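Residues per chain, in single letters:
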Amino acid sequence: MLRLVLYSIRSKPSKPRTKLQEAVHPMAKLRILNTQDSVVAYMICADVVVAEVNKRRATRSQYDVVLTESVYEIKKIESFHLSEYLYISPAAMSSLQILHCEIHPNSQMWHTSSGFADKKEGLSVYGMFQNLVSTSQGRLQLKKFFLRPSTHVSTIVARQQTISTLLQPRNSEALKYMRSALQKTPDMIGVISKLNKGIDITSVGYSSSGGLWYAIEKFSRNVVELHRLAGKDIGRLRFANTMNGAQFRDTIEVGAIARVGSLVKNTIDFEQSKLRQRYSIQSGVDPNLDCLKRRYDGLESFLTEIVDNIIKDSASWARQYIKSCIFLPQLGFLLVVTLDESTGNGKYCGEGQPRDCWEKVFTVDGSVCYKTKQMQELDEVELLHELALHVLEYSSELSRASQLSGELDATLALALGAQKYGWSKPEISRNGRSHFTGGRHPLHEVSMQHFIPNSFAAYIDEQGSKQVPGSVLVMTGPNHSGKSVYLKQVAIIIYLAHIGSFVPADKAAIAITDKILVCMPAQESASSNESAFATDLREVLHSVKQATENSLVLIDEFGKGTCPVNGAGLAAGLLDHFLSIDPERCPQVLIATHFHEIFEIESFESTTSLNFAHMKVVINHGDIRAGNDPLIYLFMLQYGRSFSSFGEQCATMNGVPDEVVRRASAISSIISRDGDLAATCATLSHAEEARLETAEEVARKFITYELGDQESSKSTREAIDMLDELLS
């Protein structure tokens, strides 16, 4: 399987552009998946994407030709194999709460964008680390870690090694300094994008934090500090030999980054810029500009004196048309002249000054603004553009350093999370089966006071001897006992290991898994055109078709969405499918079900690939009315079958009325004895009830009669009269 990655860069429009506009940088990425391995299908996919890009470019060029051309030009096509990453569907990630976005209610309003601004991360595994990153680029890289779990042992082990090195007690001080430097490291991707577009070069977007140029200088300063920390302070503790340390040492051109910082620092006067609320050039950069700054004090008097000097040097007939001198941050200094409506130019355009070239910039409110030679001499904008061009010469080095600082920040967040939550380093292997001891569900562990850990694939029989683990584990037992939590816990631990993170377990050995396939009860939504049962069927079909010997399959209460007989049959058929696969080729399968009757099938009892487990509970045989629960949940995994789901006890614990529970218990008893449920639960009509009441009354009266000796004819006659009276 191949994925096409299309990079968009700035293009060369038909009209001339400045050197700044010609600077090339990556703007965006478009991706498409190819489900075939053939070259023909690969090229068809590429053709479809290229056609779509051209269509968007043609549609949006009417608004801004330059910007449209810059956004929608394809630079190159790259491909990579999906086999390099663990597969898990978006629905599965949501069910497992690995990533879980909460959509803001405002997103349901009309004309509201459905972008990321309307979403925030809810309670999720990713959310546990999100607040531990220090930078925006680190947050982006952390999201990539979670979206792209690797199947390369070397990549996983390298990330684990970095985390282990960062968490060494001897590195605690350096770790603190490293995090402090990362917190002050801005994201350069957006900064370079703004430089290419010509945004924020002067006072546009200037803020108290210093704006774009200060961000570049601060980035340079802190990347140099990170390089020093990675290569010197903790280099002797072998951090430089880890994945992130080696990248900082060998990939980042720290000399180029330092030159960019020095260039900006020596050009921009940040103190003066803060006072003027626009960028100001340092003294010594341009002697003519320094002379003008010393000559004039204050912008208003500065502009007034400039226009007075221009009027003095102009012809007498032209002086009446020179109105003022203005400063625009994007354009610099401009001379304003009265508009001649007949020609569209100014009534004075520099006549009589052959050495001066007046360039018309724009017309507004009966005036024409010109850029003259004297205005150009006053401009700091040109110097800032020159500075931008010099900085863009190092755009690739800045982008690479920003990306690597983000990866370091994301890895550091994984290390801080492992330290905060008490996780351990798993062993990674290419072959075999995954297993762990003392595993915990990370979200449940942080949201409750006590959490009971459980192991996986460490099957122990009643005598205490280890068994060979089977491929299929079926969990039965009562509701609320923790079966679903256990299934999710297994998947999350295996998933975390594949992103290179430590895992919430005492000890874990994780085998490389190619897919995590999940079939869990779905929440019905008006946005979906299928029922929850149809969704379950689709997910089961996907799991059956896609599972390999290296996959993990989770199935939670499949079949409960239809009638019990059909549901039990579907569950039994699915279980039989996995058990019929050669044990060497069967995936690891975890199934939770309440269909106990299907395990009476003889073929299930004889297979060695099937193991049973349940969550241990204690039945309370005492007086429930005294406030005691009928069940005590221990949340401890115990191998072996549980022969009841304890539905009636669960109903009582959840406040279902006693009369309802008693009636349910009686009906359940009839069903378990194969009794005639229709006859037992049949209801009578009002006429039948009346006849039954009359018959009961007659019978009771008959019992009270004393018939005595019936041998005489008189006694017989009395008895007949009594019966007539009774039946009348």
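As the structure is a computational prediction, the values presented were derived from the model and not from experiment.

### Brief notes about unusual backbone geometry
Part 1 of the argument: Even without being a glycine, Gln97 presents a positive backbone phi close to 60°.
Part 2 of the argument: On the basis of relative accessibility, which here comes to 23%, the residue Gln97 falls in the partly exposed class.
Part 3 of the argument: At Glu557, a residue that is not glycine, the phi angle is positive and equals roughly 55°.
Part 4 of the argument: By secondary structure assignment, the location of Glu557 is in the loop between strand S17 (552-556) and helix H22 (564-579).

### Thoughts on the pattern of salt bridges
Part 1 of the argument: All told, the structure shown has eight salt bridges when counted by the stated rule.
Part 2 of the argument: The salt bridge involving Lys176 is made with Glu173; its shortest N-O contact spans 3.3 Å. With Lys176 and Glu173 both in helix H8 (residues 172-183) and three residues apart, the pair spans about one turn of that helix.
Part 3 of the argument: For Lys176, a relative accessible area of 49% puts it in the partly exposed group.
Part 4 of the argument: Between Glu445 and Arg440 there is a salt bridge, with the nearest N and O atoms lying 2.8 Å from each other.
Part 5 of the argument: Since its relative accessible area comes to 23%, Glu445 is described here as partly exposed.
Part 6 of the argument: Through salt bridges with shared partners, a single ionic network connects Arg440, Glu445 and Asp506.

### Regarding a negative patch on the surface
Part 1 of the argument: Where like charges cluster on the molecular surface, the negative patch consists of Glu718, Asp721, Asp724 and Glu725.
Part 2 of the argument: The class for Glu718 is partly exposed, based on a relative accessible area of 42%.

### Focus: the packing of helix H6 (residues 136-147) against helix H18 (residues 395-421)
Part 1 of the argument: Taken N-terminus to C-terminus, the directions of H6 and H18 make an angle of 65°; their axes are 7 Å apart at the nearest point. Overall, the two elements H6 and H18 adopt an arrangement that is roughly perpendicular. The handedness of the crossing between H6 and H18 comes out as right-handed. Judged by residue contacts, Gln137, Gly138, Gln141, Leu142 and Phe145 of H6 engage Ser402, Gln403, Ser405, Gly406, Glu407, Asp409, Ala410, Thr411 and Leu414 from H18.
Part 2 of the argument: A breakdown of the residues in the contact of H6 with H18 according to their chemical character gives four nonpolar, eight polar and two charged.

### What about the pairing of strand S12 (residues 435-439)?
Part 1 of the argument: The sheet contact formed by S12 and strand S15 (residues 507-511) spans three bridges and is antiparallel. Its bridge partner being in S15, His435 is matched across the sheet by Ala509.
Part 2 of the argument: Summarising the sheet, S12 and strand S13 (residues 454-456) pair through two bridges and their orientation is antiparallel. In the sheet register, Gly439 faces S13, and the bridge partner there is Asn454.

### A look at the nonpolar core
Part 1 of the argument: One finds Leu96, Phe146, Tyr486 and Ile516 to be the most contacted residues of the largest nonpolar core, which totals 69 residues.
Part 2 of the argument: Of all the elements, helix H20 (residues 483-498) adds the most residues to this core, at 10 residues.
Part 3 of the argument: Those residues in contact with Tyr486, other than ones at most four positions away along the chain, are Asn454, Ser455, Phe456, Leu473, Met475, Leu590, Met615 and Leu637.

### Examining the sheet that holds strand S11 (residues 427-429)
Part 1 of the argument: Spatially, the four strands line up as an open sheet ordered S11-S15-S12-S13, and their pairing is mixed. Looking at which strands have only one partner, the edges of the open sheet turn out to be S11 and S13. Each adjacent strand pair in this sheet contributes to an overall mean axis angle of 20°, direction not counted.

### Here we look at the side chain of Ser314
Part 1 of the argument: Mapped onto the elements of the fold, Ser314 is located in the loop between helix H15 (299-313) and strand S6 (322-328).
Part 2 of the argument: On the basis of relative accessible area, Ser314 is assigned to the buried category, the value being 6%.
Part 3 of the argument: With residues near it in sequence (within four places) discarded, Ser314 still touches Arg319, Ile322, Tyr348 and Gln353.

### Examining the UniProt feature "domain: DNA mismatch repair proteins mutS family" (unreviewed entry) in the chain
Part 1 of the argument: Those places that UniProt annotates as "domain: DNA mismatch repair proteins mutS family" (unreviewed entry) correspond, in this numbering, to residues 551-567.
Part 2 of the argument: Helix makes up 24% of residues 551-567 and strand makes up 29%, while its end C-alpha atoms are separated by 25 Å.

### As for the packing of aromatic side chains
Part 1 of the argument: Applying the stated criterion to the full structure yields 11 aromatic pairs.
Part 2 of the argument: Consider the rings of Phe129 and Tyr421, whose centres lie 6.4 Å apart with planes at 80°: the pair is edge-to-face. Here Phe129 is found in helix H5 (residues 125-130), whereas its partner Tyr421 is found in helix H18, with 292 residues between them in sequence. Each member of the pair Phe129 and Tyr421 is classed as buried.
Part 3 of the argument: Their ring planes at 85° and their centres at 4.9 Å tell us that Phe599 and Phe612 sit as a pair that is edge-to-face. Linking Phe599 in the loop between strand S18 (588-592) and helix H23 (602-606) with Phe612 in strand S19 (residues 610-619), this pair joins segments that are 13 residues apart in sequence. The same class applies to Phe599 as to Phe612, namely buried.
Part 4 of the argument: Cluster of aromatic residues (ring-pair linked, three or more members): Tyr126, Phe129, Phe146, Tyr421 and Trp423.
Part 5 of the argument: One residue, Arg159, lies across the ring of Phe145, its end atom 3.8 Å from the ring centre.
Part 6 of the argument: We note Arg641 situated over the ring of Phe612; from NZ or CZ to the ring centre the distance is 5.7 Å.

Calculation criteria
Residues numbered from 1 in each chain as written. Predicted model: local features only at pLDDT ≥ 70, side-chain atom pairs only at ≥ 80, totals over all residues. Heavy atoms only, no water. Buried < 20%, exposed > 50% of the residue type's maximum accessible area, 1.4 Å probe, protein only. Helix = DSSP H or I, 4+ residues; strand = E, 2+ residues; numbered from the N terminus. Salt bridge = Lys/Arg side-chain N within 4 Å of Asp/Glu carboxyl O. Patch = residues over 30% accessible without salt bridge, like charges linked within 9 Å, V, L, I, M, F, W, Y side chains within 5 Å. Areas by Shrake-Rupley, 256 points an atom, 1.4 Å probe, with all protein chains shown as cover. Lys, Arg positive; Asp, Glu negative; His and termini not counted. Charge placed at Lys NZ, Arg CZ, Asp CG, Glu CD. Axes fitted to C-alpha atoms, helices over the stretch in contact; angles between N-to-C directions. Parallel < 35°, antiparallel > 145°, perpendicular 65-115°, else oblique. Left-handed = near helix turned anticlockwise from the far one by under 90°. Contact = heavy atoms within 4.5 Å. Nonpolar A, V, L, I, M, F, W, Y, C, P; charged D, E, K, R; others polar. Pairing = 2+ DSSP bridges. Core = buried A, V, L, I, M, F, W, Y, C linked by side-chain atoms within 4.5 Å. UniProt positions renumbered as here; feature names shortened; annotations may be inferred. Phe/Tyr/Trp six-rings, centres within 6.5 Å; stacked < 30°, edge-to-face > 60°. Lys NZ or Arg CZ within 6 Å of the ring centre and 35° of its normal.

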